[in-house]
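Summary of the model geometry
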Amino acid sequence: MVLKLKWLAVALGLISITGYSQSKKPVIPKTYVAAKTTKPIVIDGDESDASWSKADWTDLFEDIENGVKPKYATKVKMLWDETNFYILAKMEEPHVWANLKQRDTIIFYNNDFEVFVDPDSDTFNYYELEINALNTAWDLFLTKPYRESDIVVANDWNIPGLKSAVKVNGTLNNPNDTDEGWVLEMAIPWAAYKTTFFDQNVPVDKFWRVNFSRVNWQHSVKNGTYERKKDAEGKFLPEYNWVWSPMGVINMHEPEKWGYVYFSSKEGKDSFTIPQDEKVRWELYSLYRAQKGYFEKHKTWAKSIADLTTKSISVDGKILKPTIENHSSGYNILVKSPFTNTTFVIRQDGKIITK
């Protein structure tokens, strides 16, 4: 099933509906180096697999918007081989519950864990996977972020060959005891992210843009069964959104802010530094969001950078000099990288191209 924007406005809770507001402070994406594993990993939800002992945990998750420490801890490990992207998520939770059993239902109506992947870092054609404690999956393919009116979501797209398993440290759906939490282990085939049959897309010594989100609800118990808690008017209380790489706004669907996962060919330790040109691109996306806000207010596109910001724009001590080209169907914002002399162009639909 292909889903359009009207459905999304109703069904998806992780989208800011406050226009094109930007975060109050700069968002610096997190980084992680995923080591290559040569030993097979059994997907059973058990973190004791020997391969995982060689991988580092990410930083603990933070609140999606404001950096506040979440009530319960969440952390992730990542590995890869020539076939799969391996993810291990460990979630502290004193009450592990879930009731959604049908694939591709709105899984975040339960507490869940979510994976977001943009292989080529252009914010177009990216992937989302949500899984609850019953190991029920919802996987989606999105042509563009929700901020674009012509977005299409392929809800019937499934990850071929996906393997996932959940281990509950406690008892599932039992409100009479206190649990430790749950562990989710998964193997996502690289083939799921191919754009063509012959695409050689295993990212050896390359980075992909990735983020993880954990949705957690306050709950109540009715007739011995967990359910999302409601207020005095009968409305569901808002969910908590805890993420690996904070977004600065309550919106996971700004892929340009996701973390960087570097897939090292080394089995041992390796390092990764975000390329300076990536930081140049961040500034273009900031101007793009400012243009969205300007259009919302003035019903026309800004014709100069000064209409969008009065501050100088710099990256690592180098001043950027972006310019705007207006045309009949929108605009382009251009900037030349002071590091590589590459000219980056962001269009009115958020697509970045190079010249």
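Chains are numbered independently. Their residues run from 1 in the order of the written sequence. It should be noted that, the model being predicted, local features are given only for residues of pLDDT at least 70 and side-chain atom pairs only at 80 or more, the latter also being counted only at that level, while totals for whole chains, interfaces and linings use all residues. Calculation of side-chain values draws on the structure's entire complement of heavy atoms; hydrogens and water are dropped beforehand.

Here we take up the sheet that holds strand β22 (residues 352-354). In sheet architecture, strand pairing relies on hydrogen bonds along the backbone and comes in two forms, parallel and antiparallel. Here 4 strands make up an open sheet; going across it, the order is β19-β20-β21-β22 and the pairing antiparallel. Looking at which strands have only one partner, the edges of the open sheet turn out to be β19 (323-327) and β22. Across the sheet, the mean angle separating the axes of adjacent strands is 25 degrees when strand polarity is ignored. Bridge analysis of strand β21 (residues 343-347) against β22 gives 3 bridges, and the strand direction is antiparallel. Along β22, the bridge assignment pairs Ile346 with Ile352. When DSSP finds at least two bridges between two strands, those strands are taken to pair. The helix and strand labels rest on DSSP assignments: H or I over at least four residues marks a helix, E over at least two residues marks a strand, and numbering proceeds from the N terminus. Axes here mean lines fitted to C-alpha atoms, for a helix over just the part in contact, with angles spanning 0 to 180 degrees between N-to-C directions.

Here the focus is helix α2 (residues 276-298). To estimate how far a helix should extend, the number of its residues minus one is multiplied by 1.5 Å. Compared with an ideal rise of 1.5 Å per residue, which puts 23 residues at 33 Å, α2 spans 33 Å between its outermost C-alpha atoms and is within 8% of the ideal. At the C-terminal side of α2, Lys299 shows a positive phi close to 60 degrees.

Once that is clear, we can look at unusual backbone geometry. In this structure, Lys299 takes a positive phi of about 60 degrees despite not being glycine. With respect to the secondary-structure elements, Lys299 resides in the loop between α2 and β17 (313-315). Overall, Lys299 belongs to the exposed group, its relative accessible area being 60%. Phi is positive for Asn341, which is not a glycine, with a value near 65 degrees. Mapped onto the secondary structure, Asn341 falls in the loop between β20 (330-336) and β21. A residue is classified by how much of its surface remains accessible, and Asn341, at 54% relative accessible area, is exposed. Throughout this description, buried means an accessible area under 20% of the type-specific maximum (1.4 Å probe, protein chains only), exposed means over 50%, and partly exposed covers the range between.

Any functional reading would require information beyond the geometric quantities listed.
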